[in-house]
Amino acid sequence: MKTRRAPARFPRLPVIAHEGPGTDNPLAFRHYNPDEVVDGRTMAEHLRFSIAYWHAFRGTGSDPFGPGTINRPWETGRDPLSIAKARMDAAFEFFVKIRAPFYCFHDRDIAPEGRTLRESNRLLDAMADHARDLQKATGVRLLWGTANLFSNPRYMCGAATNPDAHVFAYAAAQVKKALEVTKRLGGENYVFWGGREGYETLLNTNLKREQEHLATFLHLAVDHAKAIGFKGQFLIEPKPKEPTKHQYDFDVASGIAFLRTFGLDRHFKFNIETNHATLAGHTFQHEIEVAAAAGMLGSIDANAGDLLLGWDTDQFNTDVRELTLAMISILRAGGLGSGGFNFDAKLRRTSIDPADLFHAHIGGMDAYALAFKLARQILTEGKFEAFVQERYASYDTGYGRAIEKRRTSFRDLEKLVLTQLGEPKPRSGRQEYLENLLMSYLHR
Ligand code: XLS
Ligand code: NI
Ligand code: NI
């Protein structure tokens, strides 16, 4: 492994160990024990944590008011390619030390963009070779790949929804390559996040044509995956806005409608991001439930927003209550399959030290691990399940069952009410009782 010969990038930072809830070591896990076996699988296998290359190794801490702040002492080299390699060596050292079995990237995160598409592809191939070697040496795997179709100015008016077919063609070529690289690296999924697939104003936009173009783009991607034998799961990552005013993959519900309208639903599931859910005016759990109800829950971009701010702040999530509710919905849906929990989260601009990257991910992983354990306990005891089941019990037999089976009519139901049922008796939803029950698990 190349990083063994090279100097360590995080010399004072150890491989993070699980020390249990009682530890006062800030560089240890309290709840996440990757090797602990739960139901025949390790916690690492259950949670499938992934590091987002773009935030952890490309985000600089810049904002609209000032430049980057974050210290990355390993970012040295003679030319863009050797810097990219040094950066990737540091990234894999971090993945190993933080005990993350997976990572995710955009094509342009791992390799510099060249002057032409041909040159960009050559650089990407070189970095994919380097990634393949590091994956082999460390055992770290690729959860998903994706293409950056939003940073380069050519994509300022969108990629698949650009008014210029030339840009559509360029984006198609870029995604073709990104799919091939993802396949080569054993990527288990491929993500489509419609960064600029939306509009700023309807005064210059043909919404219908743009949506049709986006659907065509996704069909072409499905065709190409088939052509090259890529078996990974395709995922749509909904987001309502930012950078555009309105994005077409607004939320999971509009994503499902879009995919079904254009005959794409068999090929896609959803990658749900906490901060995108809240930007759309939903809870994280709501988005998970909507996807699960359609059998389309795929993966999670694990982060948190600041509810007082109107943009994607991509913070690490340590809200155990929110995560426990999410985890209940995920476990009830049978888990994430080939998906995982990808930390699409970044350090605050003032958190400039390499150690901050460790603290951030330790907190995120611990919060998810604790939520996982609490959710399992809640589901095993089954109190909420029993309550909900009982609440709908009238649909289990008799005329309720006939309603669910659609073996009834307005005429039948009218007759029933007039001759037998009369007025329904209201029953309490007992929300406060249930909130207290939840609290009893969170604080024991
Ligand atoms: C941006 C998105 C992005 C995707 C990958 O808001 O979260 O990072 O996850 O393109
Ligand atoms: Ni994301
Ligand atoms: Ni995001």
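It should be noted that the structure appears before, not after, this text.
How each quantity is defined
Residues numbered from 1 in each chain as written. Chains lettered and ligands numbered in written order. Predicted model: local features only at pLDDT ≥ 70, side-chain atom pairs only at ≥ 80, totals over all residues. Heavy atoms only, no water. Buried < 20%, exposed > 50% of the residue type's maximum accessible area, 1.4 Å probe, protein only. Helix = DSSP H or I, 4+ residues; strand = E, 2+ residues; numbered from the N terminus. Pairing = 2+ DSSP bridges. Polar contact = N/O pair within 3.5 Å; in protein donor to acceptor, adjacent residues only side chain to side chain. Contact = heavy atoms within 4.5 Å. Axes fitted to C-alpha atoms, helices over the stretch in contact; angles between N-to-C directions. Donors = N, O, S within 2.8 Å, 3.2 Å for Na, K, Ca; no water. Tetrahedral: all angles 85-135°; square planar, octahedral: opposite > 155°, others 65-115°. Near = heavy atom within 4 Å. Areas by Shrake-Rupley, 256 points an atom, 1.4 Å probe, with all protein chains shown as cover. Nonpolar A, V, L, I, M, F, W, Y, C, P; charged D, E, K, R; others polar. Core = buried A, V, L, I, M, F, W, Y, C linked by side-chain atoms within 4.5 Å. Salt bridge = Lys/Arg side-chain N within 4 Å of Asp/Glu carboxyl O.

A. Summary view of the pairing of strand S10 (residues 233-236). By the alternation rule, side chains of S10 split into Gln233 and Leu235 and Phe234 and Ile236, which are all buried. Relative to strand S12 (residues 268-273), S10 runs parallel, the two sharing three bridges. Considered in S12, the bridge of Phe234 is made with Phe268.

B. Quick look at the side chain of His276. Note that His276 resides in helix H10 (residues 274-279). Looking at His276, its side chain comes within polar contact range of the main-chain oxygen of Pro238, at 2.9 Å. Non-local contacts of His276, meaning those with residues more than four positions away in its chain, are made with Trp193, Glu237, Pro238, Lys239, Pro240 and Asp312.

C. Expanded view of the sheet that holds strand S14 (residues 341-343). Here we have eight strands rolled up into a closed barrel, ordered S5-S6-S7-S8-S10-S12-S13-S14, and parallel in their pairing. When strand polarity is set aside, the average angle formed by the axes of neighbouring strands in this sheet is 30 degrees. Sheet analysis places strand S8 (residues 189-192) next to S10, joined by four bridges and oriented parallel. Bridge assignment links Val191 to a residue of S10, and that residue is Leu235. Its contacts with the sheet put helix H13 (residues 354-381) on strand S5 (49-52), strand S13 (297-301) and S14, and the angle it makes with S14 is roughly 155 degrees.

D. Representation of the coordination of the nickel ion (ligand 2). Summarising the metal site, the nickel ion (ligand 2) is bound by the protein donors Glu237 (OE), Glu273 (OE), Asp301 (OD) and Asp344 (OD), whose distances to it range over 2.0 to 2.1 Å. Considering all six donor atoms around the nickel ion (ligand 2), angles at the metal cover 83 to 175 degrees and the coordination shape is octahedral. A gap of 3.7 Å separates the nickel ion (ligand 2) and the nickel ion (ligand 3), which Glu273 links by coordinating each metal. A residue pair is termed long-range when its members are at least 10 positions apart, and Glu237 in the loop between S10 and strand S11 (246-247) and Asp344 in the loop between S14 and H13 qualify at 107 residues.

E. Here's a closer look at the site of ligand 1. What surrounds ligand 1 is the set Trp54, His106, Trp144, Trp193, Glu237, Lys239, Glu273, His276, Asp301, Asp312 and Asp344. For ligand 1, the accessible surface in isolation is 290 Å², of which the surrounding protein chains cover 93%. The residue inventory of the shell around ligand 1, partitioned by class, reads three nonpolar, two polar and six charged.

F. Representation of the coordination of the nickel ion (ligand 3) within the structure. Every protein donor of the nickel ion (ligand 3) is listed here as Glu273 (OE), His276 (NE2) and Asp312 (OD), and their distances to the metal cover 2.1 to 2.3 Å. Site description for the nickel ion (ligand 3): donor spacing in sequence, E-x2-H-x35-D.

G. Quick peek at the nonpolar core. Residues Phe57, Phe95, Tyr103, Phe234, Ile300 and Tyr368 are the most contacted members of the largest nonpolar core, which totals 111 residues. No other element matches the 12 residues that H13 contributes to this core. For Phe234, the contacting residues outside a window of four places in its chain are Leu179, Tyr190, Phe192, Ala221, Val222, Ala225, His267, Phe268 and Lys269. Listed in part, the eight residues of the second largest apolar core include Trp54, Phe102, Trp144 and Val191.

H. Inspection of the pattern of salt bridges at higher detail. A full pass over the atoms with the stated rule returns 26 salt bridges. Residues Asp129 and Arg132 are paired through a salt bridge, measuring 3.5 Å at the closest nitrogen-oxygen approach. Highlighted residues: Asp129 and Arg132, both in helix H6 (residues 117-138), separated by three residues, approximately one helical turn. A relative accessible area of 30% means that Asp129 is categorised as partly exposed. With relative accessibility at 37%, the residue Arg132 sits in the partly exposed group. The partner of Glu381 in a salt bridge is Lys383, with the nearest N and O atoms 3.8 Å apart.

Taken by themselves, the reported measurements are silent on function.
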